[in-house]
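# Coordinate analysis (summary)
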Amino acid sequence: MGQVAWKGLFLSLFDYKTEKYVIAKNKKVGILYRVVQLSILAYLVGWVFVVKKGYQDTDTSLQSSVITKLKGVAFTNTSELGERLWDVADYVIPPQGENVFFVMTNLIVTPNQRQATCPEAVAALCDHFCAVCAAGVKTGRCLKERDSIRGTCEILAWCPVEKRSKPKKPLLASAENFTVYIKNSIRFPKFKFSKMNVLATDNESYLKSCRYSTEHPYCPIFLLGNIVRWAGSDFHEMALEGGVIGIQIEWNCDLDKAPSECNPHYSFSRLDNKFAEKSISSGYNFRFAKYYRDADGVDYRTLFKAYGIRFDVMVNGKAGKFNIIPTVINIGSGLALMGAGAFFCDLVLLYLIKKSNFYRGKKYEEVK
Amino acid sequence: MGQVAWKGLFLSLFDYKTEKYVIAKNKKVGILYRVVQLSILAYLVGWVFVVKKGYQDTDTSLQSSVITKLKGVAFTNTSELGERLWDVADYVIPPQGENVFFVMTNLIVTPNQRQATCPEAVAALCDHFCAVCAAGVKTGRCLKERDSIRGTCEILAWCPVEKRSKPKKPLLASAENFTVYIKNSIRFPKFKFSKMNVLATDNESYLKSCRYSTEHPYCPIFLLGNIVRWAGSDFHEMALEGGVIGIQIEWNCDLDKAPSECNPHYSFSRLDNKFAEKSISSGYNFRFAKYYRDADGVDYRTLFKAYGIRFDVMVNGKAGKFNIIPTVINIGSGLALMGAGAFFCDLVLLYLIKKSNFYRGKKYEEVK
Amino acid sequence: MGQVAWKGLFLSLFDYKTEKYVIAKNKKVGILYRVVQLSILAYLVGWVFVVKKGYQDTDTSLQSSVITKLKGVAFTNTSELGERLWDVADYVIPPQGENVFFVMTNLIVTPNQRQATCPEAVAALCDHFCAVCAAGVKTGRCLKERDSIRGTCEILAWCPVEKRSKPKKPLLASAENFTVYIKNSIRFPKFKFSKMNVLATDNESYLKSCRYSTEHPYCPIFLLGNIVRWAGSDFHEMALEGGVIGIQIEWNCDLDKAPSECNPHYSFSRLDNKFAEKSISSGYNFRFAKYYRDADGVDYRTLFKAYGIRFDVMVNGKAGKFNIIPTVINIGSGLALMGAGAFFCDLVLLYLIKKSNFYRGKKYEEVK
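Each chain has its residues counted from 1, running along the sequence as written. Throughout, the order in which chains and ligands are written sets their labels, letters from A for the former and numbers from 1 for the latter. Residues qualify for local features only when their pLDDT is at least 70, as the model is predicted, and side-chain atom pairs are given and counted only at 80 or more; totals for whole chains, interfaces and linings, by contrast, use all residues. Each side-chain value is derived from all of the structure's non-hydrogen atoms; neither hydrogens nor water enter the calculation.

A separate point is the interface of chain C and chain A. Across the contact, 74 residues belong to chain C and 64 residues belong to chain A. In the sections that follow, a salt bridge refers to a side-chain nitrogen of Lys or Arg positioned within 4 Å of a carboxyl oxygen of Asp or Glu. At the boundary of chain C and chain A, one finds seven salt bridges. Note that Arg301(C) and Asp90(A) form a salt bridge whose closest N and O atoms lie 3.1 Å from each other. In the analysis that follows, any N or O atom pair within 3.5 Å is treated as a polar contact, provided that within protein one partner can donate a hydrogen and the other can accept it, and provided that, for residues neighboring in sequence, both atoms belong to side chains. Counting the contacts that link chain C with chain A gives 34 residue pairs in polar contact (both at pLDDT 80 or more). In this text, helices come from DSSP runs of H or I with a minimum length of four residues, and strands from runs of E with a minimum of two, each type numbered from the N-terminal end. If one sorts the elements of the side of chain C that touches chain A by residue count, helix H7 (residues 324-352) of chain C sits on top with 10 residues. Each residue belonging to the side of chain C that touches chain A can be placed in one class, and the counts come to 39 nonpolar, 15 polar and 20 charged. By this definition, two strands are paired if DSSP reports at least two bridges between them. Judged from the four bridges that link them, strand E2 (residues 21-24) of chain A and strand E18 (residues 364-367) of chain C form a sheet pairing that is parallel. Bridge pairing links Ile23(A) to Glu366(C) in E18(C). In what follows, a contact means two residues having at least one pair of non-hydrogen atoms within 4.5 Å. Any residue that is not Ala, Val, Leu, Ile, Met, Phe, Trp, Tyr, Cys, Pro, Asp, Glu, Lys or Arg is counted as polar, Gly included; the first ten are nonpolar and the last four charged.

And the structure:
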């Protein structure tokens, strides 16, 4: 041994060792193997790389900021409220233009409520010893009309209590013609890529007058009536009972292309359960109050039960950019699959054809 | 060369070439290799495919919309406010039922504040030349009582300023019995799959009377007291100091199964730091004001420092569906691992056993 | 056949079959192959495992809850409002401290609006037969001054209508010195890992007096002026026209290390389009109203057009933890790549060198 042996060992490191193959001149298995190879190659190139962009690293957790701004006025003339004009400050809740906003379209007003005792709204229930009192606290007294068996619980509450009936037609049906301007800034943190849905245009007047439609897919101003229609609902019915509409903004960006090709795609859907008609899970309303103080310093309030359409702007997206790791993973797994294809063809060659015994002897060299 | 040669080359494309193997009749290494193969197969089938569902493509970026609705009234009788009834419009902020809502349980009221000058709340600090004035702007004067060394800064502020002490017991302790109805619509954009947490049931009365519990895991109505208890906190303590509770809704859906098997799982946790007692990072409160105008057109306000429980409904989820790409990647990497197993067994055969020299000579065919 | 044959077959299962290799004593190809092997190994170990942590499973869908609390008072003295002090309850909208909050810095107040008829704000447009009336509904009458050709539409609206001019300098320029305290709780649901951005410190006074800066990267209290400056904007300009600032909190956690090494990283950016000066897409403002009721029970309101800075706290993050599946996938695809390297070296050996014919004959053993 010694120096010479070590040198030999070192040099043998640079001998190239290559697998020995046996050529089986069997066209059937040969063609089968080529077909398998081509299928895997087609899958790898066609499906994984071209269609699914398997060479890209993807980021689906985007940061998003939404600014919304409504425009429009409505005029109503009801016996209760008289002639009244409704502007943005009246019907948008909350006013600050976040990604979730509510447009009031219907209203049950209970003015001048004060802390006092009064009969409960639902008369029939007093039989049950005033068991159910949703709006206030029972005083224990039962307010019966003379000669009547049934009566009404007396409650301590904001009085008078709200009456249960709602108008038969929406108050602000003309909300259909209001517009909403949606500004959406997104950022894919993994790729440090930012964009807005508002086009960087010189044409200011376009952005003031355009309306989103299939012809104007990048206009950020939407007609409320259109949004509701595209979501598959009837504006009149939604304005009456309330409801929730989702405005989905989808960013599907291939960052290997120019940034200008990364554009939002809008879609609209109804989010409260519209099928369950008159069920507990359809419609949308909530109560709020405006508080006043009279000359004597006593608080009173006007209770509003607001029906309307809540719009949830939901942004999601996916960005892809070339990255070596998913590329290698996909190529590697495709190659490994080729090995599996060879294994399958071996099975055919060694066990399923006529001369399999002969090939088995040739492929496997027995050593003793 | 010419036609014949090209034909021969073309035909040889369809010769099947298969690796030549040497059979080493060594049972030890043979068994070792089978054990390695079986382990990899067990890992691949058992862990990757059965447990981790490696044949599925997953989507973790879901779109979610949450509607919340509170129910319940509370009656209080304090020296400050007298007999008073609190309903939803009084204690829920904001009223519109979004995914983050706040239930007021405690209150410091500072009524009839007007823009004026008045002494600062914290008397002792005036020594420091009125250096710290949180509630207003110093006028520079120091309001000292006669014979006193210490004094109080005069400030221009909303006067009178808020007093610092808070009640010893929560005002709306009965908020424990309020209920919240949580409607959650989700959508996995990658699979175009939508669902709601409210069961599509015919039984309307069930949805009106049920309460979420381990026995009713799909009832969307929660008792506030239960939520707080499940989050590991004490309602009474939280109602006094305020706090934030997270309501996690987790959707873990296997879309290879029926949609009815995709159900939400609720969990509850405390989000403000409850351990750091009386620290800056525990508790939850904020200030807001109601503005009034007196007969002379002068604005005044009532300042509220509201303590209470903020509930953050947080939705996350994961959906998986069979997809060929992750399946191939997992199978491919498993097969590649088999190659690594063979490499390891080769090392044993060629260097670690007695007859390794003999096998080495047989495996490697030297060519000169 | 029979028992003996079956036994033979069973035993042969435990024969170890190993590929037969041909040693080509060609140093060039040998060295080439070693270089390819080393490159793949370096890529796999260096890039995939050390840099990209390919042995980790990652979770990017985190749950986050944000609590914000502003501090600061501002004093203004204008001809319109007189001496006035602004505190948190006055300038923060909404008050409840969510992840999106708005600090009012500028204001157009239109006091004592009532439902009535009055001339429209923009006089010149009446020529167009009152075609454009943004603030109300046209009555049809045109209010012309004597001898004038142009006139003003009469509208039914909240009168008087808002005047269009905005102040030349921001009302609450001192908002620059306000501070915001941001509490952020996160949870990675896949790893059941929770953390807060507020340090678990004994030092309460540090958390009360610190200010976030590069020297204090874990202090959760931010000066508004600093946030705007770090976002690359001018506070004075933003306070005048309004704008939206994104506060990004990024959690990049290696959960194989100690939890204390998982810390947030803050960054700041402007989200409305600041480049498009005076364009429709820059600035931020909204209208809201405070409603009053006079002694006769008639509603009137004060309309505010609020300009200011909206802050969007956006949280995203990524957590990684060792997991066997991605490890195997990355090792497997690396190994498969080694196979591709061998295939490439084979091509060189069999077709590109002088003695390639000889090696081809040795590698492929023809069987007839």
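Let us keep going from here.
Attention now goes to the interface of chain B and chain A. In many reports, interface size means the accessible area that the parts give up when they come together. Listed by partner, the interface residues are 63 residues for chain B and 74 residues for chain A. Throughout, the accessible surface (probe 1.4 Å) given up by two parts as they are put together, summed over both, is called the buried area. Between chain B and chain A lies a buried interface of about 6200 Å² when both sides are counted; carbon and sulfur atoms form 59% of it. Contact with chain A buries surface across chain B, with Tyr16(B), Lys20(B) and Gln96(B) losing the most and accounting together for 13% of the total. Here chain B is connected to chain A by seven salt bridges. The partner of Glu365(A) in a salt bridge is Lys20(B), with the nearest N and O atoms 3.9 Å apart. The tally of links from chain B across to chain A stands at 34 residue pairs in polar contact (both at pLDDT 80 or more). Among the elements that take part in the side of chain B that touches chain A, helix H7 (residues 324-352) of chain B stands out by supplying eight residues, more than any other. Of the residues in the side of chain B that touches chain A, the class split is 33 nonpolar, 12 polar and 18 charged.

The transformation that overlays chain B on chain A combines an axial shift of 0.0 Å with a rotation of 120 degrees, and the residual RMSD is 0.1 Å. The relationship between the two copies is best expressed as a three-fold rotation axis. A least-squares superposition brings the copies together, and it is based on the C-alpha atoms of residues with pLDDT no lower than 70 in both.

Reading across from one edge, E18(A)-E2(B)-E1(C) is the order of the three strands in this open sheet, with mixed pairing throughout. In this open sheet, the two edge strands, each paired with only one partner strand, are strand E18 (364-367) of chain A together with strand E1 (16-19) of chain C. Strand-to-strand twist in this sheet, taken as the mean axis angle between neighbours without regard to direction, amounts to 30 degrees. Note that strand E2 (residues 21-24) of chain B and E1(C) share four bridges and pair antiparallel. Bridge pairing in E1(C) places Ala24(B) opposite Tyr16(C). Note on geometry: axes are lines fitted to C-alpha atoms, helical ones only across the stretch in contact, with angles between N-to-C directions running from 0 to 180 degrees.

Looking now at unusual backbone geometry. Residues and elements named next belong to chain A. Along the chain, Ile-93 connects to Pro-94 via a cis peptide bond; the corresponding omega equals -10 degrees. Within the secondary structure layout, Pro-94 lies in the loop between strand E7 (92-93) and strand E8 (100-119). In this structure, Lys-53 is a non-glycine residue whose phi angle is positive, near 50 degrees. Residue position: Lys-53 is located in the loop between helix H2 (27-51) and strand E3 (56-59). Classification of Lys-53 by relative accessible area gives partly exposed; the value is 29%. The rule is simple: take the accessible area with a 1.4 Å probe, protein chains only, and divide by the maximum for that residue type; under 20% is buried, over 50% is exposed, in between is partly exposed.

The two copies are related by a screw motion: chain C maps onto chain A through a turn of 120 degrees and a shift of 0.0 Å along the axis, at an RMSD of 0.1 Å. When the interface residues of chain C are mapped onto chain A, a mere 19% of them again fall at the interface, so the copies present different faces.

Take the state of the cysteines next. Residues and elements named next belong to chain B. Any cysteine sulfur atom paired with another within 2.5 Å is treated as part of a disulfide. Going through the model one piece at a time under the given rule, you end up with nine disulfides over all chains. The disulfide that involves Cys-118 links it to Cys-159, with 1.9 Å between the sulfurs. Handedness here is read from the sign of the S-S torsion; for Cys-118 and Cys-159, about -80 degrees, the answer is left-handed. With Cys-118 in strand E8 (residues 100-119) and Cys-159 in strand E10 (residues 152-159), this pair connects stretches of sequence that are 41 residues apart. Across the pair, Cys-159 and Cys-118 agree in class, each one buried. Residue Cys-253 pairs covalently with Cys-262 via a disulfide, S to S 1.8 Å. Disulfide Cys-253-Cys-262: the torsion about the S-S bond is 55 degrees, which places it as right-handed. What makes Cys-253 buried here is its relative accessible area of 3%.

Right, let's talk about the packing of aromatic side chains for a bit. Pairing of aromatic rings covers Phe, Tyr and Trp, the last counted by its six-membered ring, and requires centre-to-centre distances within 6.5 Å; plane angles under 30 degrees mean stacked, over 60 mean edge-to-face, and any other angle means tilted. Under the counting rule described, the total for this entry stands at 64 aromatic pairs over all chains. Taken together, a centroid distance of 5.1 Å and an interplanar angle of 15 degrees make the contact between Phe288(C) and Phe304(C) stacked. Here Phe288(C) is found in strand E16 (residues 285-293), whereas its partner Phe304(C) is found in strand E17 (residues 299-322), with 16 residues between them in sequence. On the basis of relative accessible area, Phe288(C) is assigned to the buried category, the value being 13%. Members of the aromatic cluster, connected to one another through ring pairs, are Phe102(A), Tyr284(A), Phe286(A), Phe288(A) and Phe304(A). Here the guanidinium or amino end of Arg84(C) rests over the ring plane of Trp86(C), the centre of that ring lying 4.0 Å away. Charge-over-ring contacts are defined here by two conditions on Lys NZ or Arg CZ: a distance within 6 Å of the ring centre and an angle within 35 degrees of the ring normal. For Lys363(C), the ring lying beneath its charged end belongs to Tyr364(C), and the centroid distance is 5.9 Å.

Cross-referencing UniProt, the feature "binding site: ATP" (unreviewed entry) maps to Lys69(A), Leu70(A), Lys71(A), Thr179(A), Asn285(A), Phe286(A), Arg287(A) and Lys305(A) in the present numbering. Spanning 237 residues, the named residues do not form one spatial group; their C-alpha atoms are separated by as much as 24.7 Å. Within the secondary structure, Lys69(A) is located in strand E4 (residues 63-71). Assessed through its relative accessible area of 32%, Lys69(A) is described here as partly exposed. Setting aside chain neighbours within four positions, we find Lys69(A) in contact with Thr179(A), Val180(A), Tyr181(A) and Asn285(C). One can find Lys71(A) in strand E4. Ignoring anything within four residues of it in the chain, the contact list for Lys71(A) reads Val88(A), Tyr91(A), Phe178(A) and Thr179(A). UniProt positions are given in the numbering used here, feature names are shortened, and annotations may be inferred rather than shown by experiment.

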